[in-house]
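Structural overview for review
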Amino acid sequence: MPRTSTEGPDYFHKVVDCQWACPAHTPVPEYIRLIAEGRYSDAYMVNWQSNVFPGILGRTCDRPCEPACRRGRVEEEPVAICRLKRVAADNKDDITARLPKAAETRNGKKIALVGAGPASLTVARDLAPLGYQVVVYDGDARAGGMIRSQIPRFRLPEEVIDEEVGYILGLGVETRLGQPVDSLAGLLAQDYDAIFVGTGAPRGRDLDLPGREEAKANIHIGIDWLSSVSFGHITKIGRRVIVLGGGNTAMDCCRTSRRLGGEDVKVIVRSGFEEMKASPWEKEDAIHEDIPILNYMVPKSFSHDGGKLTGVWFEKVVAERDERGRRKLVPSGEPDVHVECDDVLVAVGQENAFPWIERNVGLDFDEWDMPKVDAVTFQSTLPKVFFGGDAAFGPKNIIWAVAHGRDAAISIDRFCNGQDVADRPPPETSLVSQKMGIHEWSYDNDVSNDRRYRVPLRDKVVALKDVRMEVELGFDRALGYREAERCLNCDIETVFAEPLCIECDACVDICPVDCITFTADGPEADLRTRLMAPALNLTQDLYVSDPLKTGRVMVKDEDVCLHCGLCAERCPTGAWDMQKFSLEMSLAGSACKSR
């Protein structure tokens, strides 16, 4: 194999698996170390710079970082990365003095943001301090978008939304709330230099089944119903409730129903339990609140009596694989099942809707009636119009909307400065030795087998009485410290210097997970089988040195490395060193300075 190139940003970035998996590339180990040191405000600002909404995401993020966490490879469960973000938010001091200031002078460029959700707010956060006149439009009277309208208050308190949205609006952002945009052509006719569309996926999918029209008074679209609850328009629901759908919206619907009077609430899903789109912890929370999840049941019709909903008929199905291994649902042959209910919440997915975009303004749509958007620049076929969040590529989650907003802000900045939007500024990286002595490092390298700590919850009887009472209490400082100590500091990299190696194999002997091997070179597939422990995770690159004096190469399997530093402590020549890898993603502003 050729020597592993560690000079660019990607190799060590990929070794920091949590940061690599985060769409916003938040430097997770860095802020976790700051939490362990009690530096909560510093930890919060590391997050704010990267993901914009630490307090919100610390409660609601879909956590793509956690399945990637290395702790989950050597133990049963990953570090509670998401909830540690909340620890920083809950325990920080007043950080307003550390935020960017509103620009004293404008740069002469005016940007319209359609929608006041997380993607648009991220664009505003990045562009307003640079002197752009940023104007945010939204049909709701308060900014926040789906953060405010669709996430229940028992998961995300209003004051957290107000605080973090307020940080952004305080940067000199103009708001035109309660003013929905009903014409892109009308917006284009105004004096905006660029337009960003971050309207989300505002339309919930319906089920066109027999009885839908007759029983419509008690059949509700999930996301619309959640919005009505959030804004206080709906305060109760029937005693018996069926929630159709297996995603996170369905989990929010069923848990909200329990708090609004639903005593017999069921989630009924056409797929298997493991195939449900809801996050595992969302399903656990629903089950904890005594909500059964019934699987492999396909709704066929709504039953009604004189226009009043009485229940839903379901066909029972089983999962089978065809000759290509593709799963399909087929009738089980059992009799259809009738489940009685007073209300149904339909949470079977969300769709984009752009009725306000005229089809003759030069913006192309694809066969799914989605705007054609460049996946890197977020620019549409109408050069001054950009998209992000769910409006760009369909429903995802808040952290993806943030990542889209940051990239779109770079593009808008470059576009307004007459630069190529496809020419992306590189991130800034550094590697700094952590050596303080022969056997001492500037980070805590003790590796323990501590189990993941559970986030304390409010008593269920109390929590179910109030739709606005937060259920998760969060880690206190002591629990937060103990959970932070589970982090393996994956951004502290083992860096190997071939000229210093005498091939004594001391590092091989001391490695607790057998991830270092000195062996004859060969093709990667062969090499992976000849290591001290076979390297089976093909998604994680091998660290391969140049040939050493004996002709052998050093091969390190990054997959299970604990970053404990024992190899560097044991090495008699200093061929191994522990070096902190830092990666700072580019933001708008750096785009123009990078060339």
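See the structure shown above.
Starting afresh in each chain, residues are numbered from 1 along the sequence in its written order. Per-residue local features of the predicted model are confined to residues with pLDDT of at least 70, and side-chain atom pairs are confined, for both listing and counting, to 80 or more; whole-chain, interface and lining totals are unaffected and use all residues. To get the side-chain values, all heavy atoms of the structure are used, and hydrogens and water are removed first.

Turning to empty space enclosed by the protein, a few remarks are in order. Cavity means a closed set of points on a 1 Å grid over the protein atoms alone, one where a 1.4 Å probe fits but cannot get out, pocket means an open set with protein on both sides within 12 Å along at least 5 of 7 lines, and lining means a residue has an atom within 4 Å of a point. Grid points are joined across faces, edges and corners, and a volume is the space filled by probe spheres set on the points. If you walk through the whole model with that rule in mind, you get seven cavities of 30 Å³ or more. Its volume calculated, the largest cavity comes out at about 180 Å³. What lines the largest cavity is a set of 18 residues, among which R83, R155, R255, D285 and E472 lie closest to the centre. Segments assigned H or I by DSSP are reported as helices when at least four residues long, segments assigned E as strands when at least two residues long, and all are numbered from the N terminus. The greatest single-element share of the lining of the largest cavity, amounting to four residues, is contributed by helix 15 (residues 280–288).

The next subject is the nonpolar core. Grouping buried Ala, Val, Leu, Ile, Met, Phe, Trp, Tyr and Cys residues that are joined through side-chain atoms within 4.5 Å yields what is termed a nonpolar core. Accessibility here uses a 1.4 Å probe with only protein chains present; expressed as a share of the type maximum, an area under 20% marks a residue as buried, one over 50% as exposed, and anything in between as partly exposed. Counting 66 residues, the largest nonpolar core has L127, V134, I195, F354, F387 and I412 as the members making the most contacts within it. Not counting residues within four places of it along the chain, the set of residues in contact with F354 comprises V197, T199, R359, F365, D369, M370, P371, F387 and A391. Among the nonpolar cores identified, the runner-up in size contains 56 residues, and I492, V508, C515 and C571 belong to it. Two residues qualify as a contact provided that any one of their heavy atoms is within 4.5 Å of a heavy atom in the partner residue.

Turning our eyes to something else, we now look at the sheet that holds strand 16 (residues 385–387). Paired strands are those between which DSSP finds at least two bridges. Reading across from one edge, 3-2-1-4-16 is the order of the five strands in this open sheet, with parallel pairing throughout. Two strands in the sheet have a free side with no partner beyond their single neighbour: strand 3 (174–177) and strand 16. Across this sheet, the average inter-strand angle for adjacent strands is 20°, counted without regard to direction. As paired elements, strand 4 (residues 194–197) and strand 16 share three bridges and run parallel to each other. Across the sheet, I195 pairs through a bridge with V385, a residue of strand 16. Whenever a helix is involved, its axis is fitted only over the stretch in contact; in every case the axis is a line through C-alpha atoms, and angles between N-to-C directions fall within 0 to 180 degrees. Contacts between helix 9 (residues 118–127) and the sheet are confined to strand 1 (110–114), strand 2 (133–138) and strand 4, with strand 1 contributing the most and set at about 160° to the helix. Of the strands in this sheet, strand 1, strand 4 and strand 16 touch helix 17 (residues 398–416), which is tilted by about 165° from strand 4.

From the geometry alone we can't say anything about function, so treat these as descriptive.
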